[in-house]
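Now for the letters of each chain:
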Amino acid sequence: MSELMKKILIHIYKYGPDNPWYMARRLLGESGWAPKYKEEEIEEACKKLEEMGYLIRFNGALKKSVTSSVKPWLKVKAKELDHKPKGIYYDLSKEGKKLASQLYKEYKKRSEGE
């Protein structure tokens, strides 16, 4: 499994369902409007994770609130518009949650060790 796939699983585990466009810009809490990753790479990794049974895909609006790991103004904007931007969102499957939990613990240990 690639490092990017692991980051995606950890990101969704920590921040909740997200879509590739947003993840390209804020994976694991990184901020900035310019993407840190190519959206196509994130999308491809998500599709592979879905094929492996770790992610579940949602089409359309997901709930009525934005899950923003970095930009609180997205939540304000969502309240004003009273919807979550449409698109493809990915969430963890049961197997994905197990794996992501393990990866998150390892990630946290590495972060604290630095």
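Cut-offs used in this document
The residue numbers shown here count from 1 along each chain, following its written sequence. With the structure being a predicted model, the display of local features is reserved for residues of pLDDT at least 70 and the display and counting of side-chain atom pairs for 80 or more, all residues being used for whole-chain, interface and lining totals. Note that the side-chain values use all heavy atoms of the structure and ignore hydrogens as well as water. Here a pair means two rings of Phe, Tyr or Trp (six-membered ring of Trp) with centres within 6.5 Å. Their orientation is stacked below 30 degrees between planes, edge-to-face above 60, and tilted elsewhere. Only DSSP runs of H or I reaching four residues or more are called helices, and only runs of E reaching two or more are called strands; each is numbered from the N terminus. Exposure categories follow from relative accessible area, calculated using a 1.4 Å probe and restricted to protein chains: below 20% of the type maximum is buried, above 50% is exposed, and the middle band is partly exposed. Distance and angle both matter: a charge sits over a ring if NZ of Lys or CZ of Arg is within 6 Å of the ring centre and within 35 degrees of the ring normal. Comment: axis = line fitted to C-alpha atoms, over the contacting stretch for helices; angle = value between 0 and 180 degrees taken between N-to-C directions. Each angle gets one of four labels, with under 35 degrees taken as roughly parallel, over 145 as roughly antiparallel, 65 to 115 as roughly perpendicular, and the rest as oblique. The contact definition used throughout considers only heavy atoms, calling two residues in contact when any of these lie within 4.5 Å. Residue type decides the class: Asp, Glu, Lys and Arg count as charged, Ala, Val, Leu, Ile, Met, Phe, Trp, Tyr, Cys and Pro as nonpolar, and the leftover types, Gly among them, as polar.

**Quick look at the packing of aromatic side chains**
To describe a pair of aromatic rings, you give the distance between the ring centres and the angle between the ring planes.
Phase 1 of the analysis: Under the counting rule described, the total for this entry stands at 2 aromatic pairs.
Phase 2 of the analysis: Between Tyr-13 and Tyr-104 the ring centres are 5.4 Å apart and the planes differ by 50°, which places this aromatic pair in the tilted class. Here Tyr-104 lies in helix α5 (residues 94-113) and Tyr-13 lies in helix α1 (residues 3-15), a separation of 91 residues in the sequence.
Phase 3 of the analysis: Ring centres of Trp-21 and Tyr-22 lie 5.0 Å apart, and the angle between their planes is 85°; this geometry places the pair in the edge-to-face category.
Phase 4 of the analysis: Assessed through its relative accessible area of 27%, Trp-21 is described here as partly exposed.
Phase 5 of the analysis: For Tyr-22, a relative accessible area of 15% puts it in the buried group.
Phase 6 of the analysis: The ring centre of Trp-21 lies 3.8 Å from the NZ or CZ of Arg-25, which sits over that ring.

**So, the packing of α1 against helix α3 (residues 39-51)**
Phase 1 of the analysis: Here α1 crosses α3 at 80°, and the two axes come no closer than 10 Å. Here α3 runs roughly perpendicular to α1, going by the angle between their axes. In this structure, α1 contributes Leu-4, Met-5, Ile-8 and Leu-9 to the contact, and α3 contributes Glu-41, Ile-42, Ala-45, Cys-46, Lys-48 and Leu-49.
Phase 2 of the analysis: Of the residues assigned to the contact of α1 with α3, the class counts are 8 nonpolar, no polar and 2 charged.

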